[in-house]
Amino acid sequence: MRARFTAAALFACLCVMSAAQAAEYTRVNTTASQISFTYNQMGALMYGTFGKFDATLQFDSDNLAGAHTTLHIDLNSIDAGSTDANTELVKPAWFDTQRFPVAVFESSRFTRVIDNHYLIAGQLTLKGITREVQVPVELKPGSAIGIFDGELVLKRDQFGLGAGEWADTVVSNDIAIKFKVVAPQQ
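Residues numbered from 1 in each chain as written. Predicted model: local features only at pLDDT ≥ 70, side-chain atom pairs only at ≥ 80, totals over all residues. Heavy atoms only, no water.

If you check an unreviewed UniProt entry, the chain appears there as Lipid/polyisoprenoid-binding YceI-like domain-containing protein from Pseudomonas koreensis.

Now the structure itself:
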């Protein structure tokens, strides 16, 4: 009798622990979230941010097949650390924000790599060019919030960024885009 009770208690504890680890996030706090980037220019590491973006999120750790996210980045909100850089980056050789004011990422699949580490596949559209990308993301669950940290290394030549006089190696081809998306747990 005692063995049966112990097995039942253990099973109940495992069920409760599994339910406690499941997490659902359906809203994004863009005020607390951040998108930044780093690159090399003439051997110096440079840093910048995008100040305006909208994001949607549908994420349940127990239902990755139903997970989805979209991200719309206002490219005119770029801050690359100087007025000259900000003025140059919105021109046709770079983002051409008059024609393409927004970059868009839309997920197509979430895959669990290991606990709280995921690979998000999706389409990134930038300057009218769409490419399949895979973004490694770590979920850091906290007290009633989840922080999704990720980084994507973008090859600027694949999106026509830095044409003309900027096509050389003054600016690195690899641009590391880092993000922190903060979402309240539901």
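Still to come is the rest of the account.
### Structural notes on the overall build of the chain
For the record, the criterion: The numbering of helices and of strands both runs from the N terminus, where a helix is a DSSP run of H or I of at least 4 residues and a strand a run of E of at least 2. Working definition: with a 1.4 Å probe on protein chains only, accessible area under 20% of the residue-type maximum means buried, over 50% means exposed, and in between means partly exposed. Each accessible area value is a Shrake-Rupley result obtained with a 1.4 Å probe; residue values ignore everything except the protein chains displayed when judging cover.
Along the chain, the regular secondary structure elements total 2 helices and 11 strands. Listing the helices and strands of the chain from first to last along the sequence gives α-β-β-β-β-β-β-α-β-β-β-β-β. Within the chain, the proportion of its 186 residues that are buried is 34%. Element-wise, carbon and sulfur atoms account for 57% of the exposed surface of the chain, whose accessible area totals about 10,800 Å².

### Notes on the side chain of aspartate 96
Counted only if it meets this: Whether two residues touch is decided by their heavy atoms; if any such pair falls within 4.5 Å, the residues are in contact.
With respect to the helices and strands, aspartate 96 occurs in the loop between helix H2 (83–89) and strand S7 (102–114). If we skip the residues at most four places from it in the chain, aspartate 96 touches Leu89, Val90, Lys91 and Lys127.

### Some points on the sheet that holds strand S5 (residues 68–74)
Spelled out, the test is: In this scheme, strands are said to pair when DSSP sees at least two bridges between them.
Read across the open sheet, the 11 strands follow the order S1-S4-S5-S7-S8-S9-S10-S11-S2-S3-S6; overall the sheet is antiparallel. The open sheet is flanked by strand S1 (24–25) and strand S6 (78–79), the only strands paired with a single partner. Both strand S2 (residues 29–41) and strand S3 (residues 44–50) contribute to a ladder of 7 bridges, which runs antiparallel. Bridge pairing in S3 places threonine 38 opposite tyrosine 47.

### Observations regarding the pattern of salt bridges
Formally: Put simply, a salt bridge is a Lys or Arg side-chain nitrogen that is within 4 Å of an Asp or Glu carboxyl oxygen.
Under the counting rule described, the total for this entry stands at 4 salt bridges. Measuring nitrogen to oxygen at the nearest pair gives 3.4 Å for the salt bridge that ties lysine 91 to glutamate 88. With relative accessibility at 37%, the residue lysine 91 sits in the partly exposed group. You can call glutamate 88 partly exposed: its relative accessible area is 22%. Where lysine 155 meets aspartate 174, a salt bridge forms, and the shortest distance between an N and an O atom there is 2.6 Å. Remark: aspartate 174 occurs in strand S11 (residues 174–184) and lysine 155 occurs in strand S10 (residues 145–155); sequence separation between them is 19 residues. Since its relative accessible area comes to 33%, lysine 155 is described here as partly exposed. Relative accessible area serves as the criterion here: at 35%, aspartate 174 is assigned to the partly exposed category.

### Details of the pairing of S10
Taking every second residue as pointing to the same face, the buried face of S10 carries Gly146, Phe148, Gly150, Leu152 and Leu154, while none of Ile145, Ile147, Asp149, Glu151, Val153 and Lys155 on the other face is buried. Relative to S10, strand S9 (residues 129–141) runs antiparallel, the two being bridged by 5 bridges. Across the sheet, residue lysine 140 finds its bridge partner in S10, namely isoleucine 147. Between S9 and S10, which pair antiparallel in sequence order, lie 3 residues; one of them, alanine 144, sits at a positive phi of approximately 70°.

### Quick notes on the pairing of strand S8 (residues 117–126)
Examined bridge by bridge, S7 and S8 share 9 bridges and lie antiparallel to one another. Bridge pairing in S8 links phenylalanine 110 to isoleucine 120. Examined bridge by bridge, S8 and S9 share 10 bridges and lie antiparallel to one another. Along S9, the bridge assignment pairs glycine 122 with valine 133. With antiparallel pairing between neighbouring strands as the criterion, S8 and S9 make up a hairpin whose turn holds 2 residues, including lysine 127 at a positive phi of roughly 55°.

### Description of the packing of aromatic side chains
Rules: When two rings of Phe, Tyr or Trp (its six-membered ring) have centres within 6.5 Å they constitute a pair, described as stacked for plane angles under 30 degrees, edge-to-face for angles over 60, and tilted for the intermediate range.
Considering all chains together, one arrives at 8 aromatic pairs under this definition. Centroid distance tyrosine 25 to phenylalanine 148: 5.4 Å. Interplanar angle 85°. Geometry classified as edge-to-face. With tyrosine 25 in strand S1 and phenylalanine 148 in strand S10, the pair connects residues that are 123 residues apart, well separated along the chain. When its relative accessible area of 6% is taken as the criterion, phenylalanine 148 is described as buried. Measuring from ring centre to ring centre gives 5.4 Å for phenylalanine 59 and phenylalanine 148, while their planes differ by 85°; the resulting arrangement is edge-to-face.

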